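What follows is the residue order along each chain.
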Amino acid sequence: MSIKTQQTILSVFIYSFVFILMMEWLKPVIELTDTGFLNLFGWYLAISFAFYLLKLKWVYVFPVKLVFICWVIVHIYTDLSFLSLETFKLIWGMFVENIASLLSQDWVEVTNPFRTFLFFILLWMTTYLLNYWIRLRKNLMLFFLFTVLFITILDTFSPYSGEKSIVIVLTSGFIILGLLYAQKMIQEQEGKLHGTFLVAGIGSLCIIVLLSSTLAYALPKAGPSWPDPVPFLLSTSPNASNGEEGKGIGGATQRVGYGENDERLGGAFASDDTPVFYATTPTKQYWKIETKDMYTSKGWINSATEPPILTAHKLGEPIETDIAPGTEDESLVANIFMSQAYPFIMQPYGIEQVNSEQPVTLSLNVRNQKLYTVNGTGETPVGAYNVTYNEPIYSLKALRETVASNLEGLPSEFDRYLQLPETLPTRVRDLATTITSSSDSLYDKAKSIERYFRLNGFSYNQDMAAIPKGDTDYVDQFLFDTKIGYCDNFSTSMVVLLRSEGIPARWVKGFAPGEVVDRQNGLPVYEVTNNNAHSWVEAYFPGTGWMTFEPTIGFSNAVNLNYDIDTERDNLEAPENTQEETPEKAQADKEEKEVSKSFTEIMSNIAKWVSDHKAIIFWTIFGLAVLSMFAYRYRRKWLSKVLIPVNRMRKNDWDTFEKMYHQLLKQLDGYGMTREQGQTLSAYAKYVDASFGETHMRKLTAAYEKGLYGNNREGIDYVSMKESWENLINQLSG
């Protein structure tokens, strides 16, 4: 097998595993930003690496990549034909308008299609850098380490679960390093390595890495010796510290799950993975139970004092809620099996009818949209039933055309969805105005509020949610003081901010989708537990109706949007409905552990010491960084003072000599005496000796080749070799 063939085969495998690493970068980015279209970005990476593998010239690569990027943008954001004149005008207009916005530093006006284009450019530069490291440096250790660091940090401090990703990254990374080393050996040995040896070596590497990774992932693992320090470290933040006016963390820990009393929100929750129900459904769903309309500054109650208005429905009859089903031709069916006895229906959005073998009647509370199951004696739980639903579809054009003036003349029934307590601090209303000031339509205002929490330092935590004391407002405390909480904090705050801007909104309770645990007849079976108890937001837009929003960090309840807007006039937004909702990784699902007093004291002392010595720590890190820069810049001056003493302490044998020789080659390369591709070691040694006017390099190279190829390692004068090696090292550092 020729050298070229060996290098090509190795390159194919290297680029394939680098593609896997890049996909592990993309997955959390796509998931945490609700971007979607992972497959299209993956195809772009595959095309890029294929071009680098084939070593195509840029005159061919550039137009192909540019056309692909434009096609993706048109495919995502419009329904136009890619080869149409309208598409060309759209793309040209996008570049002209957005470049003008960038030049004027008007970042808000940059449209989502152009942001997608910039993201592709970032991927383009990243793949180019990786290709450089592969082709010339033959070392991806830095990228590998950064990938591991990236996944572990996201797994620790974000809702993204990197359990499987870290295994894939480690496995791929070790294989890449091994393949690059093999490629380097082929180049250095100038084809003297047999193909059988390479196949055996690389095959052994892959088998060992894959087998060890599989065993490490599959075998049972002991629990952590120490409690998770992340919640404790978060509690040391000034935003979460105890203090006056109820700004601290307090109250007894509650058990997570659905409950009807929401008059006083806040406080820590303990995890509970007890199943509530199982849902066999073709699509992931948020399961709505009820809404509440009156915010009291501490929690939620229903404003009605009169008896509720109930509408009766028989099984199989159409059910009319205040959110109309979609207009799709085919409805979907969710089969529900209850593990806990609840006398009401878990409602997917777009509910049409309910069927059950148990003879019950359905009773809909018109005021809070709760759908009870009753019999002759009153409310009764139903063990199993199926729900027919048709998910609502919303026109983005109609939403964008809804402005504040459309709210005038709404029936008095909507007054309760604008209610706010008189004690609400003014700064909450001012914040709502600030967040929405750059938006014209009611929908864009609502989206600005929904995104606000993800962009302004808020964090999801079930252990650190504060209970407002005294006259402290629950929403005000969360928005300005703690910024730490769970779904109730985020959803309640969004409702209050929407109402502050005159947009009718209500608080919704139910369950998030849960996790897939099985499949029946090809359909996923979701297990919904007490941990999945959740709250979110519904806002009302005249001409459209009620629409869901999900402000809680780590959750994504995307609605079905019909992107029917004028793409040349409007700023487009990424179609959120194409991606499945982010699983509820942010909710605690680990066994609750008790933090020992000694550990708490140690962590508290460390946090206090860091806080008291911030200036010293900063300047120390800064000084070390500057010192490291100078050390790297003048490394040839001092490196000999390290390498020579270290090697003098080693044995005079072949292993030491081989390491010393490779160190010398590396130092020569850094000195500027680069070995040309295809140049033999003997020719390179003559070039080096000619530069220094010595014969040390030829002497070292002859001994190296004698020991490597002739396997005559006993007859080498290692003491003399060290002297020649030290002479060259000293000259390089002189």
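Since this is a predicted model, take the numbers as computed values, not measurements.

As a further point, take the overall build of the chain. A count of helices and strands for the chain gives 21 helices and 22 strands. Counting over 734 residues, the chain shows a buried share of 46%. Long-range pairs, those at least 24 residues apart, make up 75% of the contacts in the chain between residues at least 6 apart in sequence. Put simply, the chain shows about 37,600 Å² of open surface, and 58% of that area lies on carbon and sulfur atoms.

Looking now at the pairing of strand 3 (residues 275-280). Sheet topology note: the strand 3/strand 19 (residues 523-529) ladder contains five bridges and is antiparallel. By the bridge assignment for strand 19, phenylalanine 277 is matched with valine 528.

What follows concerns the sheet that holds strand 12 (residues 378-379). In space, the four strands of this open sheet follow the order 7-10-11-12, with antiparallel pairing throughout. Edge strands, defined here as strands with exactly one partner in the open sheet, are strand 7 (310-313) and strand 12. For strand 10 (residues 361-365) and strand 11 (residues 370-375), the ladder comprises five bridges, and the chain directions are antiparallel. If you follow threonine 361 over to strand 11, its bridge partner there is valine 374.

Here the focus is the packing of aromatic side chains. Each aromatic ring pair is summarised here by two numbers: the centre-to-centre distance and the angle between the ring planes. Throughout the structure, instances matching the rule amount to 47 aromatic pairs. The interplanar angle of 80° and the centroid separation of 4.8 Å between the aromatic rings of tyrosine 417 and tryptophan 546 together place this pair among those described as edge-to-face. One end of the pair, tyrosine 417, is in the loop between helix 10 (396-400) and helix 11 (426-436); the other, tryptophan 546, is in strand 21 (residues 545-549), with 129 residues separating them in the sequence. With a relative accessible area of 5%, tryptophan 546 lands in the buried category. Arranged with centres 6.0 Å apart and planes meeting at 15°, the rings of tryptophan 654 and tyrosine 704 form a pair that is stacked. With tryptophan 654 in helix 18 (residues 654-671) and tyrosine 704 in helix 20 (residues 696-708), this residue pair connects regions lying 50 residues apart in the sequence. For the pair tryptophan 654 and tyrosine 704, a shared accessibility class is recorded, and that class is buried. Directly above the ring of phenylalanine 458 sits lysine 483, whose terminal nitrogen or CZ lies 5.2 Å from the centroid. Lying over the aromatic face of tryptophan 546, arginine 506 brings its terminal NZ or CZ to 4.0 Å of the ring centre.

Okay, the sheet that holds strand 13 (residues 384-389) next. One open sheet accounts for six strands, arranged 9-13-8-3-19-18; its pairing is antiparallel. Edge positions in the open sheet fall to strand 9 (351-355) and strand 18 (515-520), since each of these has one partner strand only. The average angle at which neighbouring strand axes cross in this sheet is 25°, direction not considered. Across six bridges, the pairing between strand 8 (residues 332-338) and strand 13 is antiparallel. Opposite alanine 334, over in strand 13, you have valine 387 as the bridge partner.

Let's shift gears to the side chain of lysine 509. With respect to the element layout, lysine 509 can be found in strand 17 (residues 505-511). Judged by its relative accessible area of 7%, lysine 509 falls in the buried class. One polar contact links lysine 509 to aspartate 262, side chain to side chain, over a distance of 2.9 Å. Sequence-distant contacts of lysine 509, defined by excluding residues within four places in its chain, comprise Tyr258, Gly259, Glu260, Asp262, Trp287, Lys288, Ile289, Glu290, His534, Ser535 and Trp536.

With that settled, consider helix 2 (residues 38-54). Compared with the 24 Å implied by 1.5 Å per residue over 17 residues, the 24 Å span of helix 2 between its first and last C-alpha is a close match. Inspection of helix 2 places Leu40, Phe41, Gly42, Tyr44, Leu45, Ser48, Phe49, Phe51 and Tyr52 among the buried residues, and these make up the whole buried set. With its phi angle positive at about 60°, lysine 55 sits one or two positions after the end of helix 2.

Of all the six residues making up strand 11, five are buried; the element is thus mostly covered by neighbouring parts of the structure. Here two bridges tie strand 11 to strand 12, and the two strands are oriented antiparallel to one another. Looking at strand 12, one finds that asparagine 375 is bridged to glycine 378. Between strand 11 and strand 12, which pair antiparallel and follow one another directly, the connecting turn spans two residues.

What follows deals with the packing of helix 18 against helix 21 (residues 718-732). Relative to each other, helix 18 and helix 21 sit at 20°, their axes nearing to 11 Å. Classed by the angle they form, the pair helix 18 and helix 21 counts as roughly parallel. By crossing handedness, the relation of helix 18 to helix 21 is classed as left-handed. Each of Trp654, Thr656, Phe657, Met660, Tyr661, Gln663, Leu664, Gln667, Leu668 and Tyr671 in helix 18 lies in contact with helix 21, whose residues at this interface are Tyr718, Met721, Lys722, Trp725, Leu728, Ile729 and Leu732. Of the residues that constitute the contact of helix 18 with helix 21, the class distribution is 13 nonpolar, three polar and one charged.

So, about the packing of helix 1 (residues 3-32) against helix 2. Running from N to C, helix 1 and helix 2 point in directions that differ by 155°, and their axes come no closer than 10 Å. Considering the angle they form, helix 1 stands roughly antiparallel to helix 2. Relative to helix 2, the crossing made by helix 1 is right-handed. Residue-level inspection shows Ser11, Val12, Tyr15, Val18, Phe19, Met22, Met23, Leu26, Lys27 and Ile30 of helix 1 in contact with helix 2, the latter providing Leu38, Phe41, Gly42, Leu45, Ala46, Phe49, Tyr52 and Leu53. Across the contact of helix 1 with helix 2, the residue classes break down as 15 nonpolar, two polar and one charged.

The next point concerns the nonpolar core. Of all hydrophobic cores here, the largest spans 59 residues; its most connected members are Phe453 and Phe541. Taken together, the elements giving at least two residues each to this core come down to helix 10, helix 11, helix 12 (442-452), helix 13 (474-482), helix 14 (487-500), strand 17, strand 20 (533-541) and strand 21. Looking at which element gives the most residues to this core, the answer is helix 14, with seven residues. Leaving out residues up to four positions away in the same chain, phenylalanine 453 has contacts with Phe458, Phe478, Leu479, Phe490, Ser493, Met494, Leu497, Pro551 and Ile553. With 50 residues, the next largest nonpolar core counts Leu10, Ile69, Ile134 and Phe143 among its residues.

Attention now moves to the pattern of salt bridges. Taken as a whole and assessed by the stated rule, the structure comprises 16 salt bridges. We note a salt bridge from arginine 427 to aspartate 481, for which the minimum N-O separation is 3.9 Å. Of the two residues, arginine 427 sits in helix 11 while aspartate 481 sits in helix 13, which places them 54 residues apart along the sequence. Aspartate 481 gets classed as buried once you look at its relative accessible area, which sits at 16%. For arginine 698, the salt bridge identified is with aspartate 689, shortest N-O distance 3.0 Å. Note on arginine 698: relative accessible area 39%, which makes it partly exposed. For aspartate 689, a relative accessible area of 2% puts it in the buried group.

This paragraph deals with a nonpolar patch on the surface. Residues Leu54, Leu56, Trp58, Val59, Tyr60 and Phe62 make up a contiguous nonpolar surface patch of roughly 690 Å² in combined accessible area. If one sorts the elements of the nonpolar patch by residue count, helix 3 (residues 58-77) sits on top with four residues. The residue tyrosine 60 is located in helix 3 in this model. Under the relative-accessibility criterion, tyrosine 60 is labelled exposed at 53%.

All right, on to the environment of phenylalanine 150 then. By secondary structure assignment, the location of phenylalanine 150 is in helix 6 (residues 141-157). With 12 residues separating them in the primary sequence, phenylalanine 150 and glycine 162 have C-alpha atoms 9.7 Å apart.

The next thing to look at is unusual backbone geometry. The backbone phi angle of lysine 55 is positive, close to 60°, even though this residue is not glycine. Here lysine 55 lies in the loop between helix 2 and helix 3. Positive phi, close to 65°, is recorded for glutamine 369, a residue that is not glycine. Taking relative accessible area as the criterion, glutamine 369 reaches 3% and is therefore assigned buried.

How each quantity is defined
Residues numbered from 1 in each chain as written. Predicted model: local features only at pLDDT ≥ 70, side-chain atom pairs only at ≥ 80, totals over all residues. Heavy atoms only, no water. Helix = DSSP H or I, 4+ residues; strand = E, 2+ residues; numbered from the N terminus. Buried < 20%, exposed > 50% of the residue type's maximum accessible area, 1.4 Å probe, protein only. Contact = heavy atoms within 4.5 Å. Areas by Shrake-Rupley, 256 points an atom, 1.4 Å probe, with all protein chains shown as cover. Pairing = 2+ DSSP bridges. Phe/Tyr/Trp six-rings, centres within 6.5 Å; stacked < 30°, edge-to-face > 60°. Lys NZ or Arg CZ within 6 Å of the ring centre and 35° of its normal. Axes fitted to C-alpha atoms, helices over the stretch in contact; angles between N-to-C directions. Polar contact = N/O pair within 3.5 Å; in protein donor to acceptor, adjacent residues only side chain to side chain. Expected span 1.5 Å × (residues − 1). Parallel < 35°, antiparallel > 145°, perpendicular 65-115°, else oblique. Left-handed = near helix turned anticlockwise from the far one by under 90°. Nonpolar A, V, L, I, M, F, W, Y, C, P; charged D, E, K, R; others polar. Core = buried A, V, L, I, M, F, W, Y, C linked by side-chain atoms within 4.5 Å. Salt bridge = Lys/Arg side-chain N within 4 Å of Asp/Glu carboxyl O. Patch = residues over 30% accessible without salt bridge, like charges linked within 9 Å, V, L, I, M, F, W, Y side chains within 5 Å.

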